Amino acid sequence: MEKTWYILQLKAEVRRKSWWLICAAMIAASLLMSSMRVPDGENVSVGLYLAEDPVAEEIAEKLESRDSVFRFLIFEGESALREALEAGEIDSGFLFSEQFEEQVEQGHLKESITFLQTPFSAKGMAARETVYAAFLERYSEEILLDERKEIYGKEREDIVPFLLKKNAAYLESEAFFQTEVE
């Protein structure tokens, strides 16, 4: 009796168009979810779009030559980098602006490097610090030379070799910070 009731109820439901729409929607949702890929936590690839800028290429060379956890991949186009990020092939990405060299020379650094990450990015902030450290390593001499008047009160050409020498020494040493734990 119970089996007959179930079969009769099923026959009544199958005749409705909404039942077929619900089944089709469930199948489509299942197919969509099976094709999705959630990035794993082991992804250490970071994308770079350099916009054929020599300063950006110099920074990329420093990043590739560094001993780092990250593996930096250079993309030919902004859209290729975005697609790789959306597909989960890279953890995060950096877009250098088309006028990056001019912006660095003029000191207008706002919006010169765009950082991209997904909500699944676990290492994006560390990658951002790594890229900005390489940028600051390249840009530190210009900061020193541009700000020496503000620091010393007047343009002192005699201090330039000393500043550049100390800057190079700090960049090559590993002892930027000293920490005492008590």
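This text follows the structure it describes.
Residues numbered from 1 in each chain as written. Predicted model: local features only at pLDDT ≥ 70, side-chain atom pairs only at ≥ 80, totals over all residues. Heavy atoms only, no water.

1. Description of the sheet that holds strand S2 (residues 71–75)
Working step 1: Strand order across the open sheet formed by four strands is S2-S1-S3-S4, with mixed pairing between neighbours. Edge positions in the sheet fall to S2 and strand S4 (113–117), since each of these pairs with one other strand and no more. Along the sheet, successive strands turn relative to each other by an average axial angle of 25°, direction set aside.
Working step 2: Sheet topology note: the strand S1 (residues 45–49)/S2 ladder contains five bridges and is parallel. Of the residues in S2, the one forming a bridge with Tyr49 is Phe75.
Working step 3: In the packing of helix H3 (residues 54–65) onto the sheet, contacts are made with S1, S2 and strand S3 (92–96), and the angle to S2 comes to roughly 150°.
Working step 4: Against the sheet, helix H6 (residues 124–152) makes contact with S1, S2, S3 and S4, and its axis sits at roughly 160° relative to S4, the strand it touches most. (Pairing = 2+ DSSP bridges. Helix = DSSP H or I, 4+ residues; strand = E, 2+ residues; numbered from the N terminus. Axes fitted to C-alpha atoms, helices over the stretch in contact; angles between N-to-C directions. Contact = heavy atoms within 4.5 Å.)

2. Points about the environment of Gly124
Working step 1: With respect to the helices, strands and loops of the structure, Gly124 is situated in helix H6.
Working step 2: Judged by its relative accessible area of 2%, Gly124 is buried.
Working step 3: For Gly124, the contacting residues outside a window of four places in its chain are Asp91, Ser92, Phe115 and Gln117. (Buried < 20%, exposed > 50% of the residue type's maximum accessible area, 1.4 Å probe, protein only.)

3. What about the packing of aromatic side chains?
Working step 1: According to the stated counting rule, one finds seven aromatic pairs in the structure shown.
Working step 2: Look at Phe70 and Phe72: their rings are 6.3 Å apart centre to centre, the planes differ by 55°, and that puts the pair in the tilted class. Comparing Phe70 with Phe72 shows no difference in burial state: the two are buried.
Working step 3: Here the aromatic residues Phe96, Phe100, Phe135 and Tyr139 are joined through ring pairs into a cluster of three or more. (Phe/Tyr/Trp six-rings, centres within 6.5 Å; stacked < 30°, edge-to-face > 60°.)

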